[in-house]
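Chains, contacts and geometry: an overview
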Amino acid sequence: MMCLLSRNQLDTKSAPVAISPDISDLVDGLTSDKSSWRNASLVSVTQLTPSGLEKLFQTAREMRTMVKTTGGNDSLRHRILASVFYEASTRTSCSFQTAMMRLGGNVMHVDAGTGGNTSSKKGETVSDTIKCLQCYTDVTILRHPVKGTVTDTVLNGGLQKPVINAGDGTGEHPTQALLDLFTIVDELNLLPKAGMNECTRDPLVVVMLGDLKHGRTVHSLAKLLARSQAGFLKRRLILRYCSPSSLKMPEYIKAYVDEYAKRSGTDIVQEEFCGESDDVVKNAMKDGNVLYVTRVQKERFLDEESYNAVKGAYVVDANLMKQAPEKMIVMHPLPRVDEISTDFDSDPRAAYFREMENGLYVRMAILSLVLGKS
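So, here's what we can say about the structure. Treat the numbers as computed from the prediction; the structure is a model and nothing was measured.

**Considering the nonpolar core**
If you look at soluble globular proteins, the nonpolar side chains tend to sit buried side by side. L56, L178, M208, L225, L239 and L367 are the most contacted members of the largest nonpolar core, which has 69 residues in total. Looking at this core, the element that brings in the most residues is helix 11 (residues 352-371), giving 10 residues. Dropping the residues within four chain positions of it, L367 is found in contact with L76, L81, F96, A99, M100, L103, V139, I164 and G372. Judged by nonpolar contacts, the second largest core, of 21 residues, contains F273, M285, V316 and F344.

**With respect to the pattern of salt bridges**
The final tally for this structure, using the stated rule, is 14 salt bridges. Here D186 and R64 are joined by a salt bridge, their closest N and O atoms 3.0 Å apart. In this pair, D186 sits in helix 5 (residues 174-188) while R64 sits in helix 1 (residues 50-69), placing the two residues 122 residues apart along the sequence. What makes R64 buried here is its relative accessible area of 19%. For R336, the salt bridge is made with D345, and the minimal N-O distance between the two is 2.7 Å. Salt bridges sharing partners connect three or more residues here, namely K248, E251, K254 and E272.

**Focus on the sheet that holds strand 4 (residues 163-168)**
The strand order across the open sheet formed by 4 strands is 2-1-3-4, and the pairing between neighbours is parallel. Each edge of the sheet is formed by a strand with only one pairing partner; in this case those strands are strand 2 (106-111) and strand 4. Pairwise comparison of adjacent strand axes, ignoring direction, gives a mean angle of 15 degrees for this sheet. Bridge count between strand 1 (residues 80-85) and strand 3 (residues 139-144): 5 bridges; the pairing is parallel.

**Let's talk about helix 4 (residues 149-156)**
T149, V150, T151, T153 and V154 are the residues of helix 4 that are buried. Those residues of helix 4 that are buried are in contact with helix 3 (126-133), strand 3 and strand 4.

**Description of the packing of aromatic side chains**
Within the structure shown, the criterion is met by 3 aromatic pairs. Centre to centre, the rings of Y256 and Y260 are 6.1 Å apart; their planes meet at 15 degrees, and the pair counts as stacked. Of this pair, Y256 and Y260 both sit in helix 7 (residues 251-264), 4 residues apart, roughly one helical turn. Given a relative accessible area of 17%, Y256 falls into the buried group. Measuring from centroid to centroid gives 5.3 Å for Y352 and F353, while their planes differ by 65 degrees, and the two rings are edge-to-face. Given the relative accessible area of 0%, Y352 is considered buried. With relative accessibility at 48%, the residue F353 sits in the partly exposed group.

Cut-offs applied
- Going along each chain's sequence as written, the residues are numbered from 1 onward.
- Owing to the predicted nature of the model, reporting of local features is limited to residues with pLDDT of at least 70; listing and counting of side-chain atom pairs is limited to 80 or more, with chain, interface and lining totals taken over all residues.
- Heavy atoms throughout the structure, all of them, feed into the side-chain values; hydrogens and water do not.
- Only buried Ala, Val, Leu, Ile, Met, Phe, Trp, Tyr and Cys residues count toward a nonpolar core, and they belong to the same one when joined by side-chain atoms within 4.5 Å.
- Only protein chains enter the calculation, and the probe is 1.4 Å; a residue is then buried if its accessible area is under 20% of its type maximum, exposed if over 50%, and partly exposed in between.
- Working definition: helices are DSSP H or I runs of at least four residues, strands are E runs of at least two. Numbering for both runs from the N terminus.
- In what follows, residue pairs with any heavy atoms lying within 4.5 Å of each other are defined as contacts.
- Criterion for a salt bridge: a side-chain nitrogen of Lys or Arg within 4 Å of a carboxyl oxygen of Asp or Glu.
- Strand pairing is defined by DSSP finding a minimum of two bridges between the two strands.
- To obtain an axis, a line is fitted to C-alpha atoms, over the contacting stretch when the element is a helix, and the angle between two such axes runs from 0 to 180 degrees between their N-to-C directions.
- Pairing of aromatic side chains requires ring centres within 6.5 Å, counting the rings of Phe and Tyr and the six-membered ring of Trp. Pairs whose planes differ by under 30 degrees are stacked, by over 60 edge-to-face, and all others tilted.

Structure representation (structure tokens):
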């Protein structure tokens, strides 16, 4: 089995081969009808309809209230989650485990990476591993370093129980994008208010900064923001992609956003800002509502030289943010390396730790909908 390369192997190995399974049968399958979620796998943000998004966010808000008042409940008592990670994780792994436990369930964690002790070392396929684990559990959280592997396992692995995509290489990270959108809506108070029509709503300007080529979080978030325009946001969306020229947003993501806008009749503008100077970032931030920062992902590069050429391209610090809009929030999927200075952490616009907390509530909502009663 192909595994993600460790950093000391970067200059001697080739990249894993991505898989491109057809998910057309899954698109728009998760709606406001709770039965559509029951025992459903979640591999892509394209599965959620606008009404499905609203249902999820409503449930996430209920989960937040419950955690803050009673700590949790026993709705998933005697249910077991398999947390299977072929690639390193802190927040996704821990928040899913915590989400399951706050709902009364139990967790079985499997470190399936190169340093783990699974039978992948003996050549066992991902689908066989998950099939076996599903003999003992009720839902699987799966992360894999090769793009498309999680979806392929769901579609072609002969599985009987739901799988949730926890990140697949440079492909998608749907639950991260969902918690990101939940954070944007929550922080900026974007839910429609009585008496407000679409024409009176200000545009939403989201600036994505950093490694947009490899960042699966921004790939999913761009798709999800586009899809949300046909639902509760209903306002002009401006997506600004700011990156070094070698780390631009992939064309297939931009094409998806354009095609979805045309199909849904929504007003979405995509703009690119390429370069590594502060001036480029300042121009991209003008009139912005959200600055979504991503790290340059060293583990995705084939050699040290290519990585060193772009590492540290941008640093968001207190000085830079003095020139940003007063209410522009800063988000980051974390972990950060040096792209956001700790001197900005105390600024009220620093939303990345609140973003991580929201991850718990959104993942509780997903588990509740997938494993709960119809």
